[in-house]
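Residues per chain are reported as follows:
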Amino acid sequence: MPIKFTRSDFPKGFIFGTATAAYQIEGSSNGNCGPCHWDTFSATPKNVFKAENGFTACDHFHRFEEDLDLVQACGFDAYRFSTSWARVMPNGKTINKEGLEFYDRLVDAICARNLRPNLTLYHWDLPSALADIGGWANRETAKRFVDHTNAVIQCVGDRIDTVATINEPWCVAWLSYFLGHHAPGLRDIRAAARAMHHILLAHGLSVDAMRSLGTSNLGVVLNLTEAHPASNKPSDVNAKDRLDGIHNRWFLDAIFKGVYPQDILNKLYEFMPKNFEDDMSLISEPIDWLGINYYTRGIVADDPGEPWPSLKDIEGSMDKTQMGWEIYPEGLKNLLVRVSRNYTGNLPLLVTENGMACADEIQNEIVYDPSRIDYIFSHLAAARAAIDEGVNLQGFFYWSLLDNFEWAFGYEKRFGIVHVDFETQKRTPKASFNEWALSLNS
Ligand code: FCB
């Protein structure tokens, strides 16, 4: 049983929050939202569990006041949310007034509850009009992202605490254009290499645009993994380095050193967009904080029968979550220490996502989720241990407030500390919610 914590176990001013994302909760059929690539990806057989989609999701568009009441009642300090590009610009170009008004009301409602709004500009809802021109494989999409940035910031920028440009560029690019697990479901190394660059370019352009508008406290959110080799064989150890390079170093080196890691670039070079080097200074413009999303570690073996990167995922032997992800809190501490020593120094870090999916069930109006409680406490302990090693960690956000549309897994995987009945939209705080409230209010 991991040790429980209270606020006093963390430095004064440490921020506790909970996180959500637009497409996963709002309901994309509400408020004249435009079509996005997740709508079509999920309408295509075998992409998403039961072909579910975000059309209704948690109907947060209509229920955000009730949902924010829960965030406040739990005792959190901050609320991380995202703005849907397809809601703000349904055709990728023209502003949808109703979309911006929604975010205006949402931010007011967050502030009215004394919560700090932590905004993410892009959490994956790319307008279909931009998917039509090749999405992130096309440089034009990165340029258009500035329009979305400007529209959102001009509307709510005056009340925002922190802004992240992009959520998880690895997922946006590699998972979606190389592994094909997320929209648009491509498996194409050339498109992937371009997406790996353009998503970072979008980040740099967006930071630049926000600085011109006078917005401060700008960052980006990376999902990092601790890479492990399946064995001590040199071929597996090299495979581990490739995983680390694609998943972690590609983004960290680009943002904090202005270069791509040479071992990975050697392999992707022939597919990269022309003159990508000219964008590196923009991509590495200083930021004010870095967000890290952490769930599990990655184990890989060399797969010599396949073309580069010749990686085979290996299942680990530790206890797993409903996602099949190993529970490995040490990985969080190790990553925080590594990132702070090798890249960020004293720059503030935030754990912007960490959480566990469980096969939760309601019984007599109660959801008992002790394994989630253990997961939370053990990862908070890992975060605390990183602080003890000198990491400037300033906050921790639980993923997620609500059970929601878990992308390719549909509604089956439940990450929320609040249970959602997707038939009735009834919200029921789980035991883990009560545990958070006890910790935060004591
Ligand atoms: C992260 C995503 C988030 C959610 C969690 C479980 O990769 O940012 O939207 O799906 O995983």
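Structure shown above.
What comes next concerns the included structure.

Conventions used here
Residues numbered from 1 in each chain as written. Predicted model: local features only at pLDDT ≥ 70, side-chain atom pairs only at ≥ 80, totals over all residues. Heavy atoms only, no water. Pairing = 2+ DSSP bridges. Helix = DSSP H or I, 4+ residues; strand = E, 2+ residues; numbered from the N terminus. Axes fitted to C-alpha atoms, helices over the stretch in contact; angles between N-to-C directions. Contact = heavy atoms within 4.5 Å. Expected span 1.5 Å × (residues − 1). Bend = angle between axes of the 7 residues up to and from the residue. Buried < 20%, exposed > 50% of the residue type's maximum accessible area, 1.4 Å probe, protein only. 1 Å grid on protein atoms, 1.4 Å probe; cavity = no way out; pocket = protein on both sides within 12 Å on 5 of 7 lines; lining within 4 Å. Points joined across faces, edges and corners; volume = space filled by probe spheres on them. Nonpolar A, V, L, I, M, F, W, Y, C, P; charged D, E, K, R; others polar. Near = heavy atom within 4 Å. Polar contact = N/O pair within 3.5 Å; in protein donor to acceptor, adjacent residues only side chain to side chain. Areas by Shrake-Rupley, 256 points an atom, 1.4 Å probe, with all protein chains shown as cover. Parallel < 35°, antiparallel > 145°, perpendicular 65-115°, else oblique.

Topic: the sheet that holds strand 7 (residues 289–293)
The strand order 1-2-3-4-5-7-10-11 describes a closed barrel built from eight strands, whose pairing is parallel. Averaged over neighbouring strand pairs, the angle between their axes works out to 25° when direction is ignored. Here strand 4 (residues 162–167) pairs with strand 5 (residues 218–223) via three bridges, running parallel. Across the sheet, residue valine 163 finds its bridge partner in strand 5, namely leucine 218. Packing of helix 7 (residues 139–156) onto the sheet brings it into contact with strand 3 (116–122) and strand 4, and relative to strand 3 it is tilted by some 160°.

Regarding helix 10 (residues 234–257)
Its 24 residues give helix 10 an end-to-end C-alpha distance of only 28 Å, which falls more than 12% under 34 Å, the value for a rise of 1.5 Å per residue. The sharpest bend along helix 10 measures roughly 50° and falls at arginine 249. Within two residues after helix 10, glycine 258 carries a phi angle of roughly 75°, on the positive side.

A closer look at the side chain of serine 206
Within the fold, serine 206 resides in helix 9 (residues 189–212). In this structure serine 206 comes out as buried when scored by relative accessible area, which is 0%. Dropping the residues within four chain positions of it, serine 206 is found in contact with Leu121, Phe145, Thr149 and Thr165.

Quick look at empty space enclosed by the protein
One pass over the structure, following the stated rule, counts four cavities of 30 Å³ or more. Here the largest cavity defines a volume of roughly 50 Å³. Contributing to the lining of the largest cavity are His37, Trp38, Tyr122, Trp124, Trp136, Cys171, Val172, Ser176, His182 and Ala183. Looking at the lining of the largest cavity, the elements with two or more residues in it are helix 2 (37–42) and helix 8 (169–177). In terms of residue count, the dominant contributor to the lining of the largest cavity is helix 8 (three residues). A per-class count over the lining of the largest cavity returns seven nonpolar, three polar and no charged.

Some details on the site of the ligand
Taken together, the residues surrounding the ligand are Gln24, His123, Trp124, Asn167, Glu168, Tyr295, Glu353, Trp399, Glu406, Trp407 and Phe415. Within the contact set of the ligand, an oxygen atom lies 2.7 Å away from a side-chain nitrogen or oxygen of glutamine 24. Glutamate 353 places a side-chain nitrogen or oxygen 3.0 Å from an oxygen atom of the ligand. Burial of the ligand by the surrounding chains reaches 94%, relative to a free accessible area of 290 Å². Considering only residue class, the shell around the ligand consists of five nonpolar, three polar and three charged.

Looking at the packing of helix 3 (residues 60–74) against helix 15 (residues 431–441)
For any two helices packed against each other, one specifies the inter-axial angle together with the distance between the axes. The interhelical angle for the contact between helix 3 and helix 15, taken along N-to-C directions, is 50°, at an axis separation of 8 Å. Classed by the angle they form, the pair helix 3 and helix 15 counts as oblique. Contact residues: Leu70, Ala73 and Cys74 in helix 3; Phe433, Trp436, Ala437, Leu440 and Asn441 in helix 15. Counted by class, the contact of helix 3 with helix 15 contains seven nonpolar, one polar and no charged residues.

Details of the environment of threonine 225
Position of threonine 225 among the secondary structure elements: in the loop between strand 5 and strand 6 (226–229). Distance in space between the C-alpha atoms of threonine 225 and glycine 298 is 6.2 Å, their sequence separation being 73 residues.

Here we look at unusual backbone geometry
The omega torsion across alanine 183 and proline 184 is 10°, close enough to zero to call that bond cis. With respect to the element layout, proline 184 can be found in the loop between helix 8 and helix 9. Cis peptide bonds are those with omega within 30 degrees of zero, and the linkage from tryptophan 308 to proline 309 qualifies with 10°. Phi at lysine 50 takes a positive value of approximately 55°, unusual for a residue other than glycine. Tracing the backbone shows lysine 50 in the loop between helix 2 and helix 3.

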